[in-house]
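# Architecture at a glance
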Amino acid sequence: MVSTVRGAVISDVTGTTRLAGQAEEDPVMAAAAVGMSDLSDEILLNILRHVPVCDLLTNVAPVCQRLQTLCCDKSLLAHVCLSEEYTMDDQTVRHTLRQLSNHVQSLSLNGVYWLSSGAVDSVGRCKAVTHLDVSGWRLTALRLSRLLASLPLLRSLAFDVQPGFDAGKLAGEAVDRLSCLAELRQTLLTPSYGVVPCCAKLRKLMLQFDISDVTREGIGVSCHLMVGQSSVPHYEQLEEFSARLAPGEYYKMPRGDSFLFPLPYVFKGSVNQTLLLLYLAVFSVHIPERLRVFLVSVPGPNPAHWSAAPSLAQSLGLRGDLEALQLPRSWLDPSSLKQALEGNSPKHLSFSRCPALWPQVFQSLLEGGVRDASRLLSLNLSGINHVPYSECRGADDQLLPSNMSRLASSCVNLRHLNLMHTHYHHEHASTLPPPAPHLCASLAQLQHLRSLTLTACALSDGVQSHHSAAQNSSPLLLRGLKKLPRVGFQNYKVGSDVGNQGDTTSGISQLAAGCLSLETLELIGPGFVSALPRLEPCTRASMEPRGMCAWARGVGDAHLAALGGMTRLRRLTLAGLPGVLRGTGLAHLVTQCKDLQVLSLANIGTLKIMNYNAALLEALRHCSQLRELRLEQPYLNANSSFFDALSCCCSLQRFCLISRNGSFEAAAAELFMGRCSRVVMCHMFTGGTLVACRNLQKTLLDRFLPERPGLSAVIYPIQHEDLPSVIRDIPLTLLDSTTLFQSHVAQPPRLSPW
């Protein structure tokens, strides 16, 4: 048997390995050759961990007896995730689960949206499973009963509560199994308690609310649940409670807004918030004694009020074992927050969009308000010092490098930090006595930092800021009657030394030199709002008009080139950067960050034309490791040149394009999908006609779906009135990860039961 690995190494039946093109009779190389048979079991197991389970059992195990034994090792089969095995069909899943039946203990089929509901019955063969995630599958009460009856050891369950689910139809044996669960995650797609009333021994409860206020037929959704002894959830032994609500509130946008989307549109919000309060009603009466994690995420500027929040905060502060805390902006005041944090050593804190709390947050973290700040691993301060734009904004409304330096000294093990929608203007900071260092220099002290979200103005050194600020404060500009002049735009000359760009990129250089473990970076302009509905529009009330921060406009191509010094980056988001002129720095960046796997670019440069198209195409030709790409630009045309460059991304799996005034070439898109055989998600929302979009979508599905069972192809006009319904039909796992713009840094721990 002869095999080739990337055309570089060839192994023959004797187990020896030689370089491609190497003469077989070379005695020196033959003596030094190493075959698979010479590798230890430990090394082989480390290699096999990177092989998908389906391939492991189907293609690798039959090769020889030794590999068959290793492929059945407990370390490979005890914990199995099939969520991204997009080439699996129903038959492959059944065959794989049959082989796993005696080995697997935790099994995740989360988001395997393309399989039929009948395939879930095969999970019942895995009798040893203790942790099971079947989120994204449609389970009736009858099917769930059969599944639970076949898994006697189950202690953790994740599933979706779909419309029509009736817990009253669960079999008695299923109810008994649920009473033994310690962990439960429910994604609620209809108003319901789900199976929570049956779970009397829960230690961890995770809820995701994704209920529309209206049905597809336009009928309002009611949230009246029967409240009685048999239906009220019990949290006696609860230790962790997490709830995440899908956005948001109805927001009517003026017709002249540059981010207009089809109206009418109903956002999710009131039903989700009402149902959340019903789940929280028990906390108003009794707070579990062991509660140490309480995470509630409610997007939008006006979360529903919960009167029991202060008493909850006081109770959490008394126990001294708080690990994670997140509450909506209106649920806590500074005194309640002080009580909650005092004497605790939390690992995760989120105060997103809570400007009233930010003095108390820094006081608690910097002045001994927590017992041990070094235990903090994740901190979300997104929008914590945000104030509406005014002509009198001063240094008091911005992050201070001295505070961030002290934060870095106290929270030495911080790994995830989110500073989105905040402000930092280095010119203001440098005028303070004594002169303060750059904010990035303070952040560079966080040597363990792995993910960071920064506002764009934090990278600017205040170049021509006085002139820009004067132009910004013009009353005519605020009324939209005067255009903002192009001031402070910095270009990067290809081949030039980034270090010779003056002091404009000194902050980035310091950050790159200090945070050597940084793998995720999000750089987001303070006025950026995505053109797609559902997530960002619900927070528009707390965002600034685009371009109001002159310092953010000073971030240009030279800054993008300087980001190339962060060579370990794997995920990069750049959004709302009007100061980028030609995008030449982007091409330099991707050549330096060779391990980049996820790239998101949105509203780069001017919005009136696509001014960085040539640089984008050049950058894509160097992204051989890229697995996920999201592009959002009003005038981006997906023509043959674009798809030719995109075809160089040979590892690409997910692609999303949002271009309100852009177009596409159907033949080029089809050719791209044929070249990149790993692509399983192709979402394009453009200015194309409905007929053209439907024809391309049908062509892609008809041609590629048989060989890619998990293919999700959604091509639709972004300004069509039925767009909300189309978005609703996209699998949640793809919406949250790629299609919809959102920050992924320092968010609540993923709602996963293990």
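The rules behind each value
- Residues numbered from 1 in each chain as written.
- Predicted model: local features only at pLDDT ≥ 70, side-chain atom pairs only at ≥ 80, totals over all residues.
- Heavy atoms only, no water.
- Helix = DSSP H or I, 4+ residues; strand = E, 2+ residues; numbered from the N terminus.
- Buried < 20%, exposed > 50% of the residue type's maximum accessible area, 1.4 Å probe, protein only.
- Contact = heavy atoms within 4.5 Å.
- Areas by Shrake-Rupley, 256 points an atom, 1.4 Å probe, with all protein chains shown as cover.
- Salt bridge = Lys/Arg side-chain N within 4 Å of Asp/Glu carboxyl O.
- 1 Å grid on protein atoms, 1.4 Å probe; cavity = no way out; pocket = protein on both sides within 12 Å on 5 of 7 lines; lining within 4 Å.
- Points joined across faces, edges and corners; volume = space filled by probe spheres on them.
- Nonpolar A, V, L, I, M, F, W, Y, C, P; charged D, E, K, R; others polar.
- Axes fitted to C-alpha atoms, helices over the stretch in contact; angles between N-to-C directions.
- Parallel < 35°, antiparallel > 145°, perpendicular 65-115°, else oblique.
- Core = buried A, V, L, I, M, F, W, Y, C linked by side-chain atoms within 4.5 Å.
- Expected span 1.5 Å × (residues − 1).
- Pairing = 2+ DSSP bridges.
- Right-handed = clockwise from strand over helix to strand, strands pointing away.
- Phe/Tyr/Trp six-rings, centres within 6.5 Å; stacked < 30°, edge-to-face > 60°.
- Left-handed = near helix turned anticlockwise from the far one by under 90°.
- pLDDT = per-residue confidence, 0-100.

## Structural notes on the overall build of the protein chain
Scanning the protein chain from N- to C-terminus turns up 26 helices and 23 strands. In the protein chain, buried positions account for 55% of the 754 residues. Contacts in the protein chain between residues at least 24 apart in sequence constitute 77% of all its contacts with a sequence separation of at least 6. Summed over its atoms, the accessible surface of the protein chain is roughly 31,000 Å², and 52% of this surface lies on carbon and sulfur atoms.

## What about the pattern of salt bridges?
Under the criterion given, the structure shown has 19 salt bridges. We note a salt bridge from lysine 204 to glutamate 240, for which the minimum N-O separation is 3.8 Å. Of the two residues, lysine 204 sits in strand S9 (residues 204-209) while glutamate 240 sits in strand S10 (residues 240-245), which places them 36 residues apart along the sequence. Accessibility classification places lysine 204 together with glutamate 240 in one group, the buried group. One salt-bridge network, held together by shared partners, links Lys204, Glu239, Glu240, Arg292 and Glu323.

## Some thoughts on empty space enclosed by the protein
In total, this model carries 7 cavities of 30 Å³ or more according to the counting rule given. Approximately 120 Å³ is the volume found for the largest cavity. Every residue lining the largest cavity is counted, 15 residues in all, and those nearest its centre are Ser600, Arg630, Ser737, Gln742 and His744. Counting residues per element, the ones that place at least two in the lining of the largest cavity are strand S18 (571-577), strand S19 (598-604), strand S20 (628-632) and helix H26 (732-739). Tallied by class, the residues present in the lining of the largest cavity amount to 5 nonpolar, 6 polar and 4 charged.

## Focus: the environment of methionine 684
Mapped onto the elements, methionine 684 comes out in strand S22 (residues 681-686). Separated by 55 residues in sequence, methionine 684 and threonine 739 place their C-alpha atoms 9.3 Å apart. Not counting residues up to four positions away in its chain, the partners in contact with methionine 684 are Phe643, Phe655, Leu657, Phe664, Ala669, Leu696, Val714, Ile715 and Tyr716.

## What to know about the packing of helix H20 (residues 584-592) against helix H21 (residues 613-620)
One can describe the packing of H20 onto H21 by two numbers: an axis separation of 8 Å at closest approach and a directional angle of 10°. The orientation of H20 with respect to H21, classified from their angle, is roughly parallel. Facing Thr584, Leu586, Ala587 and Val590 of H20, the residues of H21 in contact are Ala615, Leu616, Glu618 and Ala619. Of the residues that constitute the contact of H20 with H21, the class distribution is 6 nonpolar, 1 polar and 1 charged.

## Digging into the nonpolar core
Counting residues in each nonpolar core, the largest one holds 195 residues, and the members touching the most others are Phe241, Phe294, Phe351, Phe642 and Phe655. Broken down by element, this core gets its largest block of residues, 7 residues, from helix H9 (residues 270-285). Setting aside residues up to four positions removed in sequence, phenylalanine 241 forms contacts with Leu205, Leu207, Tyr235, Leu280, Phe283, Leu291, Val293, Phe294, Leu295 and Val296. In terms of nonpolar packing, the next biggest core, distinct from the first, is built from 16 residues, Phe685, Leu723, Ile727 and Leu735 among them.

## Quick word on helix H24 (residues 690-704)
Its 15 residues place the ends of H24 21 Å apart at the C-alpha level, agreeing with the 21 Å of an ideal helix rising 1.5 Å per residue. Structurally, H24 contributes buried residues whose contacts are with helix H23 (666-675), S22 and strand S23 (712-717).

## So, unusual backbone geometry
In this structure, arginine 353 is a non-glycine residue whose phi angle is positive, near 55°. For histidine 421, which is not a glycine, the phi torsion comes out positive at approximately 60°.

## Describing the pairing of S18
Across the 7 residues that make up S18, a large majority, 6, are buried. Bridge analysis of strand S17 (residues 520-524) against S18 gives 5 bridges, and the strand direction is parallel. Of the residues in S18, the one forming a bridge with leucine 523 is leucine 574. One ladder, built from 6 bridges, connects S18 with S19; its direction is parallel. If you follow leucine 572 over to S19, its bridge partner there is leucine 599. Between S18 and its parallel partner S19, the chain crosses via H20, and the hand of that crossover is right-handed.

## Topic: the side chain of serine 364
Secondary-structure assignment places serine 364 in helix H12 (residues 358-366). When its relative accessible area of 2% is taken as the criterion, serine 364 is described as buried.

## A few points about the packing of aromatic side chains
Counted under the stated rule, the structure contains 17 aromatic pairs. Residues phenylalanine 241 and phenylalanine 294 carry aromatic rings whose centres are separated by 5.4 Å and whose planes lie at 20° to one another, so their mutual orientation is stacked. Residue phenylalanine 241 is found in strand S10, and its partner phenylalanine 294 is found in strand S11 (residues 293-297); the two are separated by 53 residues along the sequence. Judged by its relative accessible area of 0%, phenylalanine 241 is buried. Pairing tryptophan 306 with tryptophan 331 gives two aromatic rings, centres 5.2 Å apart and planes at 50°, and the pair type is tilted. Of this pair, tryptophan 306 sits in the loop between S11 and helix H10 (309-319) while tryptophan 331 sits in the loop between strand S12 (324-326) and helix H11 (334-341); the two residues are 25 residues apart in sequence, bridging distant segments of the chain. The exposure class assigned to tryptophan 306 is buried, which follows from its relative accessible area of 5%. Residue classification places tryptophan 331 among the buried residues on the basis of a relative accessible area of 3%.

## As for the environment of leucine 277
By the secondary structure assignment, leucine 277 is in helix H9. The exposure class of leucine 277 is partly exposed, given its relative accessible area of 27%. Residues leucine 277 and histidine 305, spaced 28 residues apart in sequence, show a C-alpha to C-alpha distance of 9.0 Å. The contacts of leucine 277, once residues within four sequence positions are left out, are Ala304, His305 and Trp306.

## Overview of the packing of H10 against H11
One way to put it is that H10 packs onto H11 with a least axis distance of 6 Å and a crossing angle of 25°. Classed by the angle they form, the pair H10 and H11 counts as roughly parallel. For the crossing formed where H10 meets H11, the hand is left-handed. Within the contact between the two elements, H10 uses Pro310, Ala313, Gln314, Leu316 and Gly317 and H11 uses Ser336, Gln339 and Ala340. Each residue belonging to the contact of H10 with H11 can be placed in one class, and the counts come to 4 nonpolar, 4 polar and no charged.

## Here's the deal with helix H7 (residues 141-149)
Among all positions of H7, only Ala141, Arg143, Leu144, Ser145, Leu147 and Leu148 are buried. Buried residues along H7 sit in contact with strand S6 (131-133), strand S7 (156-161) and helix H8 (172-178).

## Here's the deal with the pairing of strand S16 (residues 451-455)
Most of S16 sits inside the fold, with 5 of its 5 residues counted as buried. Residues of S16 alternate between two faces, with Ser451, Thr453 and Thr455 on one and Leu452 and Leu454 on the opposite face, all of them buried. As paired elements, strand S15 (residues 416-418) and S16 share 3 bridges and run parallel to each other. Its bridge partner lying in S16, asparagine 418 is registered against threonine 453. The sheet contact formed by S16 and S17 spans 5 bridges and is parallel. Bridging across to S17, threonine 453 finds its partner in glutamate 522.

## A few points about the confidence of the model for the protein chain
In this model, the protein chain carries an average pLDDT of 81, and 78% of its residues clear a pLDDT of 70 or more. Scored below 50 in pLDDT, residues 463-490 makes 53 contacts in the model with residues more than four places away or belonging to other chains. Note that pLDDT drops below 50 for residues 497-502; the model gives that stretch 9 contacts with residues more than four away or on any other chain.

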